[in-house]
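Spelled out from the first residue to the last, the chains are:
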Amino acid sequence: MLLLYTVKITCIEYRFYKMALIIKLLLGYIIVGIWSYVCRAEDGTRCEQQLEQLLFNPTGHQLKALDSFGRPEAGFLNSQNTAVWYGHYSECSDLKEYRYCLMDMDVDQVVIPPGITSDSNIRWGICVPENCTEGEINSNIDMLLDYLLKNFNANLSNATPSSSCVSDPPLPYSTGFYVTASVAGILFALTVLGSIVDTLEVTSQGDILDTPMEQPSTIPSTSTPGRGDETREDIPLMAEKGIEGYGEPEANGGCLSKLKSALKDILLAFALNRNLAKLMNVQEGPGAISCLHGMRVLSMIWIIVGHVFDSDLRRIVVLNTSDIRQSRGFLHRIILLQYYVGVDTFFFLSGVLVCYTTLGKLNRNDGHLRWHWFYIHRYIRLTPLLCTAIAFHRFIAPYFYDGPEINAQVHIVQLCDSSWWANLLYVQNFISLSKRCLHVSWYLAVDMQFFVFSPIIVYSLYRKTSLGLGQIGILLLVNVTVTAALSWQLRTPASIHDSIINNPDYFYTVYDKPYTRMPPYLFGIMIGYLLYERRMNGLSVSPTMSYLCWAVAALLACLVLAPWPYSAEINDTLAQVISTGYQTLYRLAWSGFLLWVVIFCHFGGNGLVNTILSWKAWIPLSRATYGAYLLHLILARIFWYNHIQVEYVSTILQTVTAMGVATLAYIVAGMVYVAVELPVARLEQLYLPKP
């Protein structure tokens, strides 16, 4: 007691009032001793009796349990009103009769002596007997708090604690887990068997599988981030009367012969050696838009790095949160945290590819397409990989989590139990954020919604250019009006990042809705139309005009990425006008920048930009980008939720982490590409008719 009093007087003398209360609450073994007297009772529950033994008379492994309790560490005053003491998670987890629990005490108000007030949030790791329920743990913590408040003249408002105890495994092994694991095993077996069949074919008949990997004059028609050049024309190797390398359909064969042929085609579609060759192939047809590969991959890396920096910024388990917030004014962080516009780049690429390839199909078929197959093919091409990501997120990833915070992530993955259907219908951007499964998939929903109405515009451009351009103009006007009205109403700052963090309604109301995301997609359709119309004659731009266009494009990019002064709060009308203008027009400006980059690179630009974006090494990565987009945050969370101590974060550490996540995401995405994405595309071309 004397020690407690001394600590109290010393802390108050140096004006560390918040530290004084926290140390009084959790001062190592002295507080543990107080707890033992409070909870001590001969007729108590088994949990209380075990706690009494643990806290009052510990022996043997009980000492290790006590040693693993969280205690105040140096630097917690730098944690933005949150004190986090995890203790020693591994030490507690290794004890068979104990389990680790994380106490979360959300304290509205702390008053230490009169007149000194502070908000605080305390998170405390404890090691308790495994027989104790979370309710019993909360009750005993309440008794401890009551005792302290009465004896040390402290006042806490709304200080009821809640505990979250870690289980091993974090989730029971469910039917979904076994089904997912079984499907993964079947896919692995198919890739091996397919490779064996392919090898036997080559050995017995010669290399009949030496087929072109790219059809001339085709470019990607799909529009997700990184669908690359995997279109109906150029992924599976289809000829007019069958698929080269898969064998010709046997029109006169019997049922057994047809079954054997179909089985062989299915196995060859999964052949690992074939699919790896396709993934790594860097050859392009004469009609390909080479710069799109570099734009796609670099945008994806920007998004991954931005997510790592952004997630660390908002994680309360970071020791030096205030330092990170202060560093947001640095140029590199300003650019990294504008990664949101990288998603607009994907929408732009989507518009380019959908328009270009659809015009080609209309031209080859005299203006006629079977539109139902147009949509069916799109759904089949996107959904298998989306289902793979959801299954991995829900049934596999949780078993890789191992740390104090895993229950928070377990709750997130369980949201898929009630909202998976929204992902399969591509309407997840219209359900509540608190109920969404695989949060990053909102992009696929918006992209699919754009795809649904895209034939109206593209067909209008095909029939009459002015009609299609008029439709685009009307949609852009609607977008500007709606975005301006919503931004003004929500008083959003001139920063996407600050808008998402500071306004909980911004993401659901503005950020992920198709009516605010249209400009990049519509600009992409326009440039796709231009590329198709000028595919034979090219486009000549004088050096003077080229320099002028580059100057305008650079200015537009700088206006989008620049740190606007009204990025934190809106305090007056002028600030609100500027912020609303930014939110309304920045996608138009970014689309204008991308439009010129594509025109310059595709129509003969030989500068450094085209050299970088058209580098052939981007092509394999471009094919795996769709998977990398869906999987990168799942993999990043596995890393984050294996932290067992409060982390000190710096720019160097974040950069190394981000590049590691990006590398791992592309490796896993490449594996998924050869095992799921490409086989589905090949089977689709084998058994389904063209649009």
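Model, not experiment: these values are computed from the prediction.

Thresholds, definitions, all that
As a convention, each chain's residues are numbered from 1 in the sequence order in which they are written. Whole-chain, interface and lining totals are the exception, using all residues; otherwise, since this is a predicted model, local features are given only for residues with pLDDT of at least 70 and side-chain atom pairs are given and counted only at 80 or more. Computation of side-chain values: all heavy atoms of the structure, hydrogens and water removed. Elements are defined by DSSP. Helices are runs of H or I of four residues or more, strands are runs of E of two residues or more, and each kind is numbered from the N terminus. Aromatic contacts are taken between Phe, Tyr and Trp rings whose centres are within 6.5 Å, Trp giving its six-membered ring; a plane angle under 30 degrees counts as stacked, one over 60 as edge-to-face, and the others as tilted. Only protein chains enter the accessibility calculation, which uses a 1.4 Å probe; a residue whose area is less than 20% of its type maximum is buried, one above 50% is exposed, and one in between is partly exposed. Throughout, disulfides are identified as pairs of cysteine sulfur atoms within 2.5 Å of each other. A helix is expected to span 1.5 Å multiplied by its residue count minus one. What we call the bend at a residue is the angle made by axes fitted to the seven residues finishing there and the seven residues starting there. Working rule for contacts: check all heavy atoms of both residues, and any pair within 4.5 Å makes them a contact.

What to know about the environment of Asn-537
Argument step 1. Along the chain, the position of Asn-537 falls in the loop between helix H22 (514-533) and helix H23 (543-561).
Argument step 2. A C-alpha to C-alpha distance of 9.8 Å links Asn-537 and Phe-603, two positions 66 residues apart in sequence.

Some words on the packing of aromatic side chains
Argument step 1. Counting across every chain of the model gives 36 aromatic pairs.
Argument step 2. For the pair Phe-347 and Tyr-443, a centre-to-centre distance of 4.6 Å together with 35 degrees between the ring planes defines the contact as tilted. Note that Phe-347 is positioned in helix H14 (residues 340-364) and Tyr-443 in helix H18 (residues 442-463), a separation of 96 residues in sequence.
Argument step 3. Residue classification places Phe-347 among the buried residues on the basis of a relative accessible area of 0%.

Some points on the environment of Gly-581
Argument step 1. Position of Gly-581 relative to the elements: it lies in helix H24 (residues 573-602).
Argument step 2. Residue classification places Gly-581 among the partly exposed residues on the basis of a relative accessible area of 26%.
Argument step 3. For the pair Gly-581 and Pro-493, spaced 88 residues apart in the sequence, the C-alpha separation amounts to 9.9 Å.

Thoughts on the state of the cysteines
Argument step 1. Summed over all chains, the structure comprises 3 disulfides.
Argument step 2. The disulfide partner of Cys-92 is Cys-127, and the gap between their sulfur atoms is 2.2 Å. Judged by the sign of its S-S torsion, about 85 degrees, the bond between Cys-92 and Cys-127 is right-handed. Placement of the pair is Cys-92 in helix H6 (residues 89-93) and Cys-127 in strand S3 (residues 116-129), with a sequence separation of 35 residues.
Argument step 3. Two residues share a disulfide in this structure: Cys-416 and Cys-437, whose sulfurs sit 2.0 Å from each other. Sign of the S-S torsion, about 85 degrees for the bond between Cys-416 and Cys-437, identifies this disulfide as right-handed. Of this pair, Cys-416 sits in helix H17 (residues 416-425) while Cys-437 sits in the loop between H17 and H18; the two residues are 21 residues apart in sequence, bridging distant segments of the chain. The same class applies to Cys-416 and to Cys-437, which are both buried.
Argument step 4. Of all cysteine sulfurs in the structure, the one in Cys-291 sits closest to Cys-601, which takes part in no disulfide; the separation is 4.6 Å.
Argument step 5. A relative accessible area of 7% places Cys-601 in the buried class.

Some details on H22
Argument step 1. Over its 20 residues, H22 extends 28 Å from the first C-alpha to the last, a length consistent with the 28 Å expected when each residue adds 1.5 Å.
Argument step 2. Of all the bends in H22, the largest measures some 35 degrees and sits at Pro-520.
Argument step 3. The buried fraction of H22 is high, at 16 of 20 residues.

Thoughts on the environment of Gly-125
Argument step 1. Locating Gly-125 in the fold gives a position in strand S3.
Argument step 2. Note: C-alpha distance between Gly-125 and Cys-165 (40 residues apart in sequence) is 9.5 Å.
Argument step 3. Not counting the four nearest positions on each side in its chain, Gly-125 is found in contact with Ser-68, Phe-69, Gly-70, Trp-85, Tyr-86, Tyr-100, Cys-101 and Leu-102.

So far we have only geometry, and geometry alone does not tell us how the molecule works.
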